[in-house]
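# Analysis of the macromolecular model
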Amino acid sequence: MNSDKTKRKAVNRALIEQLMTNVGKISAIIEAQGNDIFGEVNLLSKDEINDYSLEFLELFVVVLQAGDEIDPEGVEFKALRQFFTVCSRQILMRGGTLDEFVRYIQFLQRVFLGNLEAEEGLDIQLIRDISLLLSNVFNDIILDVFHVYLQEKEKTIQAQQEELRQTATPITEIWDGVLTLPVIGSLDSSRTMVVMEKLLSRIESDRAQVVVIDVTGVVAIDSQVSHHLIQMIRAIGLMGATAILTGIRPDIARAITSLNIDLGAVTTRSTLSEGLKLAFRQMGIEVSGAGG
């Protein structure tokens, strides 16, 4: 046990000494080769690559100096992780990918290992131990960055889904007091809440008296979708408006019947056109054709 601890301490000390002694050489290599990391894509400027790399070197030395072995839960290593989290987000925000950031990490690893192998007078076993230590650290960093990448992707997907929910249900005032709501796709609980909130707000602001809900674009209606539609229709009624449900195709009608869903109290029409005609009649609006 003591021998292992002594060995780790010796490896840490040797690596610190090697890095500090050759910081100038390492900086020169990074400056000379840094621009080739991302190819023609200018994700980081030459100065940024140099600054990031030297900051990493400083943080890494602090990690090594913190104890006889690297503590992944230590404050020093967390600071190193945070540094790479910020760096990776910077690359991702500029249109970079996880592969490109990993390429940058691997570049740093190659520089450190190459400098280590070029050092004269180091014991071969010590070089192997230091190489293993470096590999473990860089692998941990890549794993952390992978988690950050997944989190950012998840946030992006959620934002896109929310935007889609907001835009996939356009509410249009087709006439004074008459709103139309085309429902496209499927209705789940979260989307129903978004649509209902927007719809009730529009009923209030536009002083709507009739809302035509068109389900022509709904692929299929099951008990859950029907429940959400009924919820919406009831909410419209509570706002003092009348709901008209349109777009009930034969297959949807059969599905509703087979599910024993009672839409008897709901005003329905087969097409949006028929629903609008009914809405206009209820509002006392006369719309004549082009020849009328």
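As a starting point, this report considers the structure included with it. All of these numbers come straight from a predicted model, not from anything done at the bench.

What follows deals with the sheet that holds strand E1 (residues 172-175). Strand order across the open sheet formed by five strands is E1-E2-E3-E4-E5, with mixed pairing between neighbours. In the strand order of this sheet, the two ends are held by E1 and strand E5 (267-269), each with one partner. Neighbour-to-neighbour, the strand axes of this sheet turn through a mean angle of 30 degrees, independent of strand direction. Against the sheet, helix H7 (residues 189-206) makes contact with E1, strand E2 (178-185) and strand E3 (210-218), and its axis sits at roughly 170 degrees relative to E2, the strand it touches most.

Here we take up empty space enclosed by the protein. Applying the stated criterion across every chain, the model contains one cavity of 30 Å³ or more. Counted as a void, the largest cavity has a volume near 30 Å³. Around the largest cavity sit Ile221, Ser226, Leu229, Leu245, Ile248, Ile256 and Leu263, which together line it. A class-by-class count of the residues in the lining of the largest cavity yields six nonpolar, one polar and no charged.

Attention shifts here to the nonpolar core. If you look at the biggest cluster of nonpolar residues, it comprises 45 residues, and the most contacted ones within it are Phe56, Phe60, Phe84, Tyr104 and Phe112. Looking at this core, the elements with two or more residues in it are helix H1 (2-21), helix H2 (23-33), helix H3 (46-65), helix H4 (75-93), helix H5 (98-118) and helix H6 (124-167). Among the elements that line this core, the one with the most residues is H5, at eleven residues. With sequence-adjacent residues up to four places away left out, Phe112 is seen in contact with Leu19, Ile26, Phe56, Leu57, Phe60, Leu134 and Phe138.

Below, the discussion takes up the pattern of salt bridges. Scanning the entire structure with this criterion turns up five salt bridges. Where Glu48 meets Arg94, a salt bridge forms, and the shortest distance between an N and an O atom there is 2.9 Å. On the criterion of sequence distance, the pair formed by Glu48 in helix H3 and Arg94 in the loop between H4 and H5 is long-range, its members being 46 residues apart. Two residues, Asp144 and Arg81, come together in a salt bridge whose shortest N-O distance is 2.4 Å. Highlighted residues: Asp144 in helix H6 and Arg81 in helix H4, separated in sequence by 63 residues.

What follows concerns the pairing of E3. Burial of E3 is extensive: seven of the nine residues sit out of reach of the surface. As paired elements, E2 and E3 share seven bridges and run parallel to each other. Residue pairing across strands places Thr180 opposite Val212, the latter belonging to E3. You can see the chain leave E2, run along H7 and come back into E3, and the turn it takes is right-handed.

Thresholds, definitions, all that
- One numbering rule holds for all chains: residues counted from 1, following each sequence as written.
- Selection of residues for local features in this predicted model requires a pLDDT of at least 70, selection of side-chain atom pairs for listing and counting requires 80 or more, and totals for whole chains, interfaces and linings are taken over all residues.
- Only hydrogens and water are set aside; all other atoms, that is, all heavy atoms of the structure, feed into the side-chain values.
- Paired strands are those between which DSSP finds at least two bridges.
- Counting from the N terminus, the helices are the DSSP runs of H or I reaching at least four residues and the strands are the DSSP runs of E reaching at least two.
- Fitting a line to C-alpha atoms yields each axis, with helices limited to the stretch in contact; the angle taken between N-to-C directions then spans 0 to 180 degrees.
- The criterion used for residue contact is that any of the two residues' heavy atoms lie within 4.5 Å.
- A pocket here means an open set of points on a 1 Å grid, computed over the protein atoms alone, that has protein on both sides within 12 Å along at least five of seven lines. A cavity is instead a set of points where a 1.4 Å probe fits but cannot get out; residues with an atom within 4 Å of a point line either one.
- Grid points are joined across faces, edges and corners, and a volume is the space filled by probe spheres set on the points.
- Gly falls in the polar group here, along with every residue not listed as nonpolar (Ala, Val, Leu, Ile, Met, Phe, Trp, Tyr, Cys, Pro) or charged (Asp, Glu, Lys, Arg).
- Residues grouped as a nonpolar core are buried Ala, Val, Leu, Ile, Met, Phe, Trp, Tyr and Cys residues, joined through side-chain atoms within 4.5 Å.
- Residue exposure (1.4 Å probe, protein chains only): buried if accessible area is under 20% of the type maximum, exposed if over 50%, otherwise partly exposed.
- Any Lys or Arg side-chain nitrogen located within 4 Å of an Asp or Glu carboxyl oxygen qualifies as a salt bridge.
- We call a crossover right-handed when, viewed with both strands directed away from the observer, the connection leading from the first strand over the helix to the second proceeds clockwise.

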